[in-house]
Amino acid sequence: VSGAEGFDGIITIGGCDKNMPGCLIAMARLNRPSIFIYGGSIMPGYYKKKPIDVVSVFEAVGAYSNNEITKSELYEIEDAAIPGPGSCGGMYTANTMASAIEALGMSLPGSSTQIAVSKNKKTDCINSGKKLLDLIKNDIKPRDIMTKQAFENAITTVIALGGSTNAVLHLLAMASAAGVKVKIEDFNKLGKKIPVLADLKPSGTHVMAKFCEIGGLPPLLKRLLDAKLLHGDCLTVTGKTLKENLKNVRDNLGTDIIKDLKNPIKKDSHICILKGNLSPEGSVAKISGKEGLSFEGKAAVFDSEEKCMNAILNRKIKKGTVIVIRYEGPKGGPGMREMLAPTSAIMGQGLGSDVALITDGRFSGGTHGFVVGHITPEAFDGGPIALIKNGDLIRIDSKKKTLELFISKSEIKKRLKQWKQPSRSHLSGALYKYSILVSSASKGAITDKGI
């Protein structure tokens, strides 16, 4: 629409998982002066004087299925969890991507860590309108800002915040649209030296509103810049560099919600790119360290999220199991469904440390536990995940960065010969075309050939 209308400049407002990278992909493709405004985060709800959010509801479903809470308690949690407008209130995908976009330089300083209903957010909108006129006047375009170093700043910020695994998929797609060579392996490369600092939900303690209250992203970026973990010379939508934007910012974050660099929550990244005979093109694991660094167990295989959810709620999943959900990848879905319901139900049943879940789909930013997603090649393409049988032994190892299926190469070949690709006959229109065109998740699930 922006291209057809011939707009001189573009402002987009986003506030959830997919629409935010969608905005940035459009900006990068059109390459006209542009600013992104984050819609802002929600205020927390409260249940029994404790802060809760939407993920609390999903976990309560699991607790109810396990007879740990009553139906009336489940409804009370549901009623209290979402008290007003704004994106989900932890360091879930929306807040992760807002922070990444600010670090990338495509939104004004502070835009990512403002409450949706705050005066700050109204001011952000007004200032973004004014700043867009400057960008048009000075002919500063998205591709001037969205450079390789800027994407490295975004990745660094995602890691420091303990952000969502969806950032991998989204940043790969955004970079492709901008003509920048970012590869899935870059997350491991940068992850070796970037610590996790934010004690925020889902793996941590605090909600996003607390982070906003103490100053939000700018002082964290200042902390990372002073430690020489960011590229300070990157241009931003202010017309200034990141370093210039942060010149007068004071780091008053303390060490409670955002830890000191010398005492991090995890000394390296929680996002691990795993390869191996089960994911030869790569997969994305979220390992906070609380679950341990490796997991080995026997497979329980499901060909859809619904079938898996039914088994979980009927308490058929036992300790030591590696749950496999397949045919939920970009082509198989089609579109990568996020597995918040099953992972939350597992947590709600108290199995978070005793069960792992792997999928060719993806996860909500609210997911925590021992999980691996984006497994490529996906099941629909005959990837090894399509060949797993119930009882097969699987090992996830975040130290070795491997995901292994313990069957022989000859057995893999035998199963592949017997495998048949599912039909697309149930699809039509845009979904059919999407399933034909979409690339592997390891390339960002893009629908053009990219760079």
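Up top is the structure these notes are about.
The notes below deal with the structure included here. In this text, all values refer to a predicted model and were calculated from it rather than measured experimentally.

A grouping of Tyr-432, Ile-436 and Leu-437 is seen on the molecular surface, where their side chains present a nonpolar patch of about 290 Å² in accessible area. Take Tyr-432: it is sitting in helix H17 (residues 429-437).

For the coordinates displayed, the defined rule picks out one aromatic pair. Taking the centre distance of 5.7 Å and the plane angle of 50 degrees together, the rings of Phe-295 and Phe-370 count as tilted. With a gap of 75 residues between them, Phe-295 in strand E7 (residues 294-302) and Phe-370 in strand E10 (residues 370-376) connect regions that are remote in the sequence. Taking the relative accessible area as the measure of exposure, Phe-295 reaches 9% and is therefore buried.

With five of its five residues buried, strand E6 (residues 282-286) lies for the most part within the structure. The side-chain alternation of E6 yields two buried faces, one formed by Gly-282, Val-284 and Lys-286 and the other by Ser-283 and Ala-285. The sheet contact formed by strand E5 (residues 271-274) and E6 spans four bridges and is antiparallel. The residue bridging Ile-271 from the neighbouring strand is Lys-286, located in E6.

If you walk across this open sheet you meet the eight strands as E5-E6-E10-E9-E8-E7-E11-E12, and the pairing is mixed. Each edge of the sheet is formed by a strand with only one pairing partner; in this case those strands are E5 and strand E12 (402-405). For this sheet the average axis-to-axis angle between neighbouring strands, irrespective of direction, equals 25 degrees. Packed onto the sheet, helix H14 (residues 305-313) meets E7 and strand E8 (321-325) and runs at close to 150 degrees relative to E8.

Cut-offs applied
Residues numbered from 1 in each chain as written. Predicted model: local features only at pLDDT ≥ 70, side-chain atom pairs only at ≥ 80, totals over all residues. Heavy atoms only, no water. Patch = residues over 30% accessible without salt bridge, like charges linked within 9 Å, V, L, I, M, F, W, Y side chains within 5 Å. Areas by Shrake-Rupley, 256 points an atom, 1.4 Å probe, with all protein chains shown as cover. Salt bridge = Lys/Arg side-chain N within 4 Å of Asp/Glu carboxyl O. Helix = DSSP H or I, 4+ residues; strand = E, 2+ residues; numbered from the N terminus. Phe/Tyr/Trp six-rings, centres within 6.5 Å; stacked < 30°, edge-to-face > 60°. Buried < 20%, exposed > 50% of the residue type's maximum accessible area, 1.4 Å probe, protein only. Pairing = 2+ DSSP bridges. Axes fitted to C-alpha atoms, helices over the stretch in contact; angles between N-to-C directions. Contact = heavy atoms within 4.5 Å.

Remember that the coordinates give geometry; whether it matters functionally is a separate question.
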